[in-house]
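# Examining the three-dimensional arrangement
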Amino acid sequence: MNGDLIRIVEALQREKDIDKEVIFRGIEAAVASATKKHYGKDTDIKVVLDRQTGKLTAFEDGKPIDPEELGRIAAQSAKQMMIQKIREAESDVIFGDFEARKNTIMTGQVQRYESGGLIINLGKTEGLIGRKDLIPGDSYRPGDRIRALVIDVRKVGSKVRIILSRTAPEFVVKLFELEVPEIVERLVVVKAIVRNAGYRTKIAIESADPRIDCVGACVGVRGSRIKNIVGELNGEKIDVISWDDRPEVLIANALKPAEIAGLEIDEENRAARVIVAQDQLSLAIGKRGQNVRLASKLTGWQLDIVTEEERQAVADALIATLVQAPEIPDQLARTIVAAGYMSLDDILTRGAETLATVEKIGKEQAEAIIQAL
């Protein structure tokens, strides 16, 4: 029996990947607990399991317990507790294994639908992709292979639940890492990403090596690399843009595929007015405002899209208003409007200090203009 116990422990170590010492201690604790119940709560019980022979010895208040009696107690009372300890140890191993895999992509097999989500077989345990973590258009049947990002690892009783997502922006980043070795090698760096899962993603990248075309590396020859990613995401549009620390360049890049005609930046409020030709307006705004909304999130700037005609109409109206003040002649009014101001509130909000930075307007004149307005 003693040799059988050692063989069982070794088998558990191989099959469940549980450290043998954890199992030995679990057996000792289980037998000690059962023995304590048999002799009474106030009894001091110590159990020792020989790691080489598998022999169990126990002591009651320092006195050895008869081996036959100990065997009956262990066989009758400790079995279920030993099973529980082993399950807990197995759960700890699985938890530690998957905790180390957070923010990585895993491949599993669809088992079934549950509450609109999917239960995924990951081998040692199950994963859950909730309804909100499925991409619109995802269609899987039991038995299908599926890839998703590990976003959380939770213990639910004695079980470990792995939370997966296909809608997280990081899922797209990891897909790029699988397709673009330059990202893994840190030759190309992902600076920012925003996503409306199933519809559009904007990912800003930067090259750490001036000899590498970062956008070209991500797209691949004839789009080979990005096609694989788009296929995994059910045809989701992906805009790969080049990062730039200059806000005017970054904003223009972020609004692609639209082309902009002009840009007026308010650095103090991190706001920008983007001027586009009439035929670029719908492209710049995007379906249901999607393009401009994602571009705004990506850059961190509040963006307002106007056509050249709208911009000119507003400018003309503001000039007409400004020249009504005796202190503001026509040329000065045009200088103010050319600096990007779009309304009286805009001028007053930014104040004299900002107005004084406009070419040909000094501090005293700026204060006089603000006073007049």
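A brief structural summary. (Residues numbered from 1 in each chain as written. Predicted model: local features only at pLDDT ≥ 70, side-chain atom pairs only at ≥ 80, totals over all residues. Heavy atoms only, no water.)

Bridge count for strand 9 (residues 188-196) against strand 10 (residues 200-207) is eight bridges, and the pairing is antiparallel. When the bridges of strand 10 are listed, V194 appears paired with K202. Taken together, strand 9 and the strand that follows it, strand 10, pair antiparallel across an intervening segment of three residues, in which G198 is found at a positive phi of about 90 degrees. (Pairing = 2+ DSSP bridges. Helix = DSSP H or I, 4+ residues; strand = E, 2+ residues; numbered from the N terminus.)

An order of 12-13-14 is seen for the three strands of this open sheet, with the pairing classed as mixed. Edge positions in the open sheet fall to strand 12 (262-266) and strand 14 (302-307), since each of these has one partner strand only. Strand-to-strand, the axes of this sheet are offset by a mean angle of 20 degrees, without reference to chain direction. Of the pairings in the sheet, the one linking strand 12 to strand 13 (residues 271-276) comprises five bridges and is antiparallel in character. Across the sheet, the residue bridging to I265 is A272, located in strand 13. This element, helix 12 (residues 308-322), spans strand 12, strand 13 and strand 14 of the sheet and lies at about 95 degrees to strand 14. (Axes fitted to C-alpha atoms, helices over the stretch in contact; angles between N-to-C directions. Contact = heavy atoms within 4.5 Å.)

What follows is about the nonpolar core. Membership of the largest hydrophobic core comes to 22 residues, with the highest contact counts inside it found for I251, L255, V274, L298, L303 and I305. Looking at this core element by element, the count peaks at four residues for helix 11 (residues 290-299). Those residues in contact with I251 that lie beyond four places of it in its chain are L263, A272, V274, T299, W301 and L303. L149, F176, V188 and A217 belong to the second-largest nonpolar core, a separate cluster that totals 20 residues. (Core = buried A, V, L, I, M, F, W, Y, C linked by side-chain atoms within 4.5 Å. Buried < 20%, exposed > 50% of the residue type's maximum accessible area, 1.4 Å probe, protein only.)

Scanning the model with the defined rule gives zero aromatic pairs in all. The ring of F98 carries the charged tip of R101 above its face, separated from the ring centre by 5.1 Å. Sitting over the ring of F95, K155 keeps its end group 5.6 Å from the ring centre. (Phe/Tyr/Trp six-rings, centres within 6.5 Å; stacked < 30°, edge-to-face > 60°. Lys NZ or Arg CZ within 6 Å of the ring centre and 35° of its normal.)

Bringing the layout of surface pockets into the picture now. Considered as a void within the structure, the second largest pocket measures approximately 330 Å³ in volume. Breaking the lining of the second largest pocket down by element, the ones donating at least two residues are helix 4 (79-99) and strand 8 (159-165). Broken down by element, the lining of the second largest pocket gets its largest block of residues, four residues, from helix 4. Here the lining of the second largest pocket is built from residues that sort into three nonpolar, three polar and seven charged. (1 Å grid on protein atoms, 1.4 Å probe; cavity = no way out; pocket = protein on both sides within 12 Å on 5 of 7 lines; lining within 4 Å. Points joined across faces, edges and corners; volume = space filled by probe spheres on them. Nonpolar A, V, L, I, M, F, W, Y, C, P; charged D, E, K, R; others polar.)

The alternating pattern of strand 1 (residues 45-49) places I45, V47 and L49 on a buried face, while none of K46 and V48, on the opposite face, is buried. Looking at chain direction, strand 1 and strand 2 (residues 56-60) are connected through five bridges and run antiparallel. In the strand pairing of strand 2, V47 is matched with A58. Between the antiparallel neighbours strand 1 and strand 2 lie six residues, among them G54 with a positive phi of about 85 degrees.

One pass over the structure, following the stated rule, counts 29 salt bridges. Among the ionic pairs, E114 bridges to R112, the shortest N-O distance being 3.4 Å. Classification of E114 as partly exposed rests on a relative accessible area of 32%. Residue classification places R112 among the partly exposed positions, given a relative accessible area of 35%. One salt bridge in this structure joins K174 and E177, with 3.5 Å as the shortest N-O distance. Here E177 and K174 lie together in helix 5 (residues 169-179), a separation of three residues that amounts to about one turn. (Salt bridge = Lys/Arg side-chain N within 4 Å of Asp/Glu carboxyl O.)

A few words now on the sheet that holds strand 2. Sheet architecture is open: three strands sit in the order 1-2-3, paired in antiparallel fashion. Either end of the sheet is taken by a strand with one partner, and the two such strands are strand 1 and strand 3 (63-64). Lying on the sheet, helix 2 (residues 20-39) is in contact with strand 1 and strand 2; it crosses strand 1 at an angle near 145 degrees.

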